[in-house]
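Now for the letters of each chain:
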Amino acid sequence: MSVSWDAECVSVPTYESIRSAPKVLLHDHLDGGLRPTTMVELATETGYDDLPTSDVDELTAWMRRGADRRDLVLYLETFRHTVGVMQAPDAIARVARECAEDLADDGVVYAEVRFAPEQHLERGLSLDEVVEAALDGFEQGSRDRPITVRTLLTAMRTAARSLEIAELAVRWRDRGVVGFDIAGAEAGFPPTRHLDAFEHVRRQNFHLTIHAGEAFGLPSIWEALQICGAERLGHGVRIVDDIDTSGDSPRLGRLAALVRDKRVPLELCPTSNVHTGAAASIAEHPIAVLTDLRFRVTVNTDNRLMSGISMSSELHGLVEALGWGWDELRWVTINAMKSAFLPFGERMQLIDAVIKPGYAALQPSW
């Protein structure tokens, strides 16, 4: 894959200049990124009659009310409606196609988009039919565009189908699925409840990331890494609880030191964390400390619809709040590409042929 980057050099990254930069996204939920217009149209086409409104502007505001109010309950309520309109193959394929289109238009050159197949079975689809529809959509949306999209299959930690979803992920590994994940409420649902699924993934030499250390703390991170074998941490932001910043220089606890020493990628989602109440603001988000201490930081969107963001706006928010420049943006982008679940050669090809030239065009001193 090769891209010609023709961007004006800008010393301080602006939103528009960031849009022209090559970006990598590892943590993005398919059912958290629908276009509101698509939701209204799919509700009509599929007979879903439970949307709070059919007015696109009103629906957009409704979908973002949880983020606006920093209310996790309202934030999570929205997924009932996005999943509700994604119960038919054509609907799933359309959402996936538009996801790839939107990410490519935003300058994302590589994305791993995750979804939970078990949530799309209400109208009789099989798990394999759900995955096939999503992969077809991603292929359509990325065709002739400078983006590579791969998929992570997610099991819900509050349910009991994780082994089935792990087997499903392995079954589709050569057709666009690159890893397995679990998501959902952390408190009361530790990752160790799903050990059989993780063991299956590991026996098959497949890739594994786990939502851990978002709303819950260090025990969730420790179990994900030390018992379940996670290669990456979905969010992982609570690792900061094992860092003492009260003195002249930060002191890492044993778990934080392990995460940093082993270069465990953190799939950080700053805006989402603010919107769900996990952080007070971008300026106060632990990403600043974790970046200064050179953890394997990556920056992600989580749910673009609910938070009203894109990868470009997410990165621009860090420029504004933390004073990040091109060095930091390039660093987190290469971190993410290094941490992707692609084969090594494909990762290096994107780094050498796309990412580095793209940033060199923006900052020719590199």
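Whatever comes next refers back to the structure up there.
What you see is a predicted model; the values in this text were computed from it and never measured.

**Comments concerning the layout of surface pockets**
- Each pocket or cavity is described by its volume, and for the largest pocket that value is around 720 Å³.
- Within the residue set of the lining of the largest pocket, elements represented by two or more residues are α5 (72-77), α6 (79-84), β2 (108-115) and β3 (148-156).
- Partitioning the lining of the largest pocket into residue classes produces 14 nonpolar, 10 polar and six charged.
- Size it by volume and the second largest pocket reaches roughly 250 Å³.
- Per element, the largest residue contribution to the lining of the second largest pocket is three residues, and it comes from helix α7 (residues 89-105).

**Observations regarding the side chain of T154**
- In this fold, T154 is placed in strand β3.
- What makes T154 buried here is its relative accessible area of 3%.
- A distance of 3.0 Å separates the side chain of T154 from the side chain of D181, its partner in a polar contact.

**Here we look at the packing of helix α17 (residues 326-339) against helix α18 (residues 344-362)**
- α18 packs onto α17 with a crossing angle of 170 degrees between their chain directions and a minimal axis gap of 10 Å. As the angle between them shows, α17 and α18 are arranged roughly antiparallel. Residues W326, L329, R330, T333, I334, M337 and K338 of α17 touch α18, and the partners they reach there are R347, L350, I351, I355, K356, Y359 and L362.
- Across the contact of α17 with α18, the residue classes break down as nine nonpolar, one polar and four charged.

**Considerations on empty space enclosed by the protein**
- Across all of its chains, the model carries one cavity of 30 Å³ or more by this definition.
- Lining the largest cavity are K23, V24, V299, M311, L315, V332 and T333.
- Among the elements of the structure, β1 (23-29), α16 (311-322) and α17 are those that each provide at least two residues to the lining of the largest cavity.
- For the lining of the largest cavity, a count of residues per class yields five nonpolar, one polar and one charged.

**Details of the packing of aromatic side chains**
- On inspection of all chains with the given rule, the structure shows three aromatic pairs.
- With 6.1 Å between their ring centres and 70 degrees between their planes, W326 and Y359 make a pair best called edge-to-face. Here the residue W326 occupies a position in helix α17, and Y359 occupies one in helix α18, the gap between them amounting to 33 residues. This pair shows no difference in class: W326 is buried, exactly as Y359 is.
- Here R294 stacks its cationic end above the ring of W331, 4.2 Å away from the centre of that ring.

**Overview of the sheet that holds β3**
- In spatial order, the strands read β1-β2-β3-β4; together these four strands make up an open sheet with parallel pairing. Strand pairing shows two members of the sheet lacking a second neighbour, β1 and β4 (177-183), which therefore form its edges. Between one strand and the next, the sheet's axes are offset by a mean angle of 25 degrees, whatever the strand orientation.
- Running over the sheet, α17 touches β1 and β2 and is turned about 65 degrees from β1.

**Remarks on the nonpolar core**
- Counting residues in each nonpolar core, the largest one holds 112 residues, and the members touching the most others are F138, F180 and F295.
- Broken down by element, the residue count for this core peaks at eight residues, all from α7.
- Those residues within four positions of F138 in sequence are excluded, and the remaining contacts are L30, A96, R97, C99, A100, V113, V149 and T151.

**Examining unusual backbone geometry**
- For R70, which is not a glycine, the phi torsion comes out positive at approximately 55 degrees.
- As for its placement among the helices and strands, R70 is situated in the loop between α4 (65-69) and α5.
- One non-glycine residue with positive phi stands out, namely R263, at about 55 degrees.
- Among the secondary structure elements, R263 is positioned in the loop between α12 (254-261) and β9 (266-268).

**Here's the deal with the sheet that holds strand β5 (residues 209-212)**
- Taken in spatial order, the four strands line up as β5-β6-β9-β10 in an open sheet, and their pairing is parallel. Looking along the sheet, the strands with just one partner apiece sit at the ends: β5 and β10 (297-299). Strand-to-strand twist across the sheet, computed as the mean angle between neighbouring axes with direction ignored, equals 30 degrees.
- Bridge analysis of β9 against β10 gives three bridges, and the strand direction is parallel. Looking at the pairing, L266 lines up with V297 of β10.

**Brief notes about the environment of P36**
- For P36, the location among the structural elements is in helix α2 (residues 36-46).
- Taking the C-alpha atoms as reference points, P36 and A61, separated by 25 residues in sequence, lie 9.7 Å from one another.

**What about the environment of I221?**
- With respect to the helices, strands and loops of the structure, I221 is situated in helix α11 (residues 218-227).
- Separated by 31 residues in the primary sequence, I221 and P190 have C-alpha atoms spaced 9.7 Å apart.

**What to know about the pairing of strand β6 (residues 232-235)**
- Sheet topology places β5 next to β6; four bridges connect them, and they run parallel. What sits directly across from A212, in β6, is H235.
- Bridging between β6 and β9 involves two bridges; their strand directions are parallel. When the bridges of β9 are listed, L233 appears paired with L266.

Cut-off values and rules
- Residues numbered from 1 in each chain as written.
- Predicted model: local features only at pLDDT ≥ 70, side-chain atom pairs only at ≥ 80, totals over all residues.
- Heavy atoms only, no water.
- 1 Å grid on protein atoms, 1.4 Å probe; cavity = no way out; pocket = protein on both sides within 12 Å on 5 of 7 lines; lining within 4 Å.
- Points joined across faces, edges and corners; volume = space filled by probe spheres on them.
- Helix = DSSP H or I, 4+ residues; strand = E, 2+ residues; numbered from the N terminus.
- Nonpolar A, V, L, I, M, F, W, Y, C, P; charged D, E, K, R; others polar.
- Buried < 20%, exposed > 50% of the residue type's maximum accessible area, 1.4 Å probe, protein only.
- Polar contact = N/O pair within 3.5 Å; in protein donor to acceptor, adjacent residues only side chain to side chain.
- Axes fitted to C-alpha atoms, helices over the stretch in contact; angles between N-to-C directions.
- Parallel < 35°, antiparallel > 145°, perpendicular 65-115°, else oblique.
- Contact = heavy atoms within 4.5 Å.
- Phe/Tyr/Trp six-rings, centres within 6.5 Å; stacked < 30°, edge-to-face > 60°.
- Lys NZ or Arg CZ within 6 Å of the ring centre and 35° of its normal.
- Pairing = 2+ DSSP bridges.
- Core = buried A, V, L, I, M, F, W, Y, C linked by side-chain atoms within 4.5 Å.

Worth remembering: the numbers are spatial, not functional.
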